[in-house]
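# Per-entry structural report
Each chain, letter by letter, is given below.
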Amino acid sequence: MVRKIVFLVFDGMKMLDVTGPAEVFAEAGLAGADYTIGYVSASGEPVMTSVGIHLPVDSTADDVAKADTVIVSGGDKLAREPIPTDLVEAVRVLQKRVRRLVSICTGSFALAAAGVLSGRRATTHWRVADRLARAYPDVQVEPDALFVEDRGVFTSAGVSAGMDLALALVEQDYGPDLARTVARNLVMFMQRPGGQSQFSAPLQVRRPRTPALREVVDLVSAQPALDHSARTLAARVGVSSRHLARLFASELDTTPARYVEQVRLDHAKALLDAGHGVAQTAREAGFGSSETMRRVFVGRFGASPSEYRARMSTSVGKGS
């Protein structure tokens, strides 16, 4: 069965939001998948991309009689300006003619403006997730997810997450073996589950200037299961607990305990996403006991580790 992939593009679209996923589907075709790839705009005219290249299109959205997957690219202006009326209408037209509707990065704003995301879970680039939530309060925004699926509508974070989602769709269509071949050929991670964080604790903070603090941060990130009490960490780098606390406050705007907890939480989420049990995850992430980890998860997500894992297992990255 030929699966028709259609990209809906517009002036100012982010080039990589189209070419990244398109390359995944094209590579899948070389590996034995049966995809065709097309490009449409609301007017049927070529569009100017974010890097100043004109992208020709095949037709208008109205000309698409039926497609397997429609992908709405992102663009910076979608989060800053009113969504063009013709783009909103194009989304509405295509939604009725497609099995899967996908947005990359800020393409979620176009889906939301068309009413597609009303009552659904969705994500977008972390930098504008709050803006999406404020503008469309009927959308359940998950700002920390790489991608989210809700009843046939898929939304993703920026650029590389769009490639992760495309690879997950290939896996859904043709199985893990073909998807693994695509990942190897494109030098991608085989599986970054949709629920995986867009950024972990080390990526959220500035690289510390002080050598002692850099050493502490690197140690916690590399081995979260060790004893990382403030006193132990301070002793490892030869400073007082009070001085270490001042370094965390001045350079990272947090405390040693909060930083350690966030790193352990990121590690636990990755382990749960990979299918590890709750007790094993609690040990390997450094929480010590399942109950301690449960309290952290409930406090942070309003869900236990088991509930979190069950929710994340519904993502397309897990093959549902």
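Below or above, wherever it landed, is the structure these notes cover. Here, residues in each chain are numbered from 1, in the same order as that chain's written sequence. Whole-chain, interface and lining totals are the exception, using all residues; otherwise, since this is a predicted model, local features are given only for residues with pLDDT of at least 70 and side-chain atom pairs are given and counted only at 80 or more. Only heavy atoms go into the side-chain values, all of them from the structure, while hydrogens and water stay out.

A few words now on the environment of Tyr259. For the purposes of this entry, the term helix denotes a DSSP run of H or I that reaches at least four residues, the term strand denotes a run of E that reaches at least two, and both are numbered from the N terminus. The topology assignment puts Tyr259 in helix H12 (residues 256-273). Under the relative-accessibility criterion, Tyr259 is labelled buried at 3%. Tyr259 sits 31 residues away from Ser290 along the chain, and the two C-alpha atoms are 20 Å apart. Burial status follows relative accessibility: with a 1.4 Å probe on protein chains alone, a residue under 20% of its type maximum counts as buried, one over 50% as exposed, and anything between as partly exposed.

The next subject is the environment of Leu244. On the secondary structure map, Leu244 appears in helix H11 (residues 241-252). For Leu244, a relative accessible area of 0% puts it in the buried group. With 25 residues separating them in the primary sequence, Leu244 and Lys269 have C-alpha atoms 27 Å apart. Two residues qualify as a contact provided that any one of their heavy atoms is within 4.5 Å of a heavy atom in the partner residue. If we ignore the near neighbours within four places in the chain, the residues touching Leu244 are Leu213, Val216, Ala230, Leu233, Ala234, Val239 and Pro256.

With that out of the way, let us pick up unusual backbone geometry. A positive phi angle is found at Cys105, which is not glycine, with a value near 55°. With respect to the secondary-structure elements, Cys105 resides in the loop between strand E7 (98-103) and helix H4 (107-113). Its relative accessible area of 9% is what places Cys105 among the buried residues.

To continue, consider the sheet that holds strand E2 (residues 35-41). Only when DSSP finds a minimum of two bridges between them are two strands counted as paired. An order of E5-E2-E1-E6-E7-E11-E10 is seen for the seven strands of this open sheet, with the pairing classed as mixed. For this open sheet the edge positions go to strand E5 (59-60) and strand E10 (147-150), each flanked by a neighbour on one side alone. In terms of strand pairing, strand E6 (residues 67-72) meets E7 through five bridges, oriented parallel. Opposite Val72, over in E7, you have Ser103 as the bridge partner. To get an axis, fit a line to the C-alpha atoms, keeping to the stretch in contact for a helix; angles then go from 0 to 180 degrees between the N-to-C directions. Lying over the sheet, helix H1 (residues 15-30) contacts strand E1 (3-9), E2 and E6, oriented at roughly 160° with respect to E2.

Bringing the pattern of salt bridges into the picture now. A pair is scored as a salt bridge if a Lys or Arg side-chain nitrogen falls within 4 Å of a carboxyl oxygen belonging to Asp or Glu. For the structure on display, the rule yields 13 salt bridges. The shortest N-O distance in the salt bridge between Asp68 and Arg99 comes to 2.8 Å. One end of the pair, Asp68, is in strand E6; the other, Arg99, is in strand E7, with 31 residues separating them in the sequence. Given the relative accessible area of 9%, Asp68 is considered buried. The salt bridge involving Asp177 is made with Arg180; its shortest N-O contact spans 3.1 Å. Remark: Arg180 and Asp177 occur in helix H7 (residues 176-186); sequence separation between them is three residues, near one turn of the helix. On the basis of relative accessible area, Arg180 is assigned to the partly exposed category, the value being 35%. Bridged by salt links that share partners, the residues Arg3, Asp68, Arg99, Arg100 and Asp173 form one connected network.

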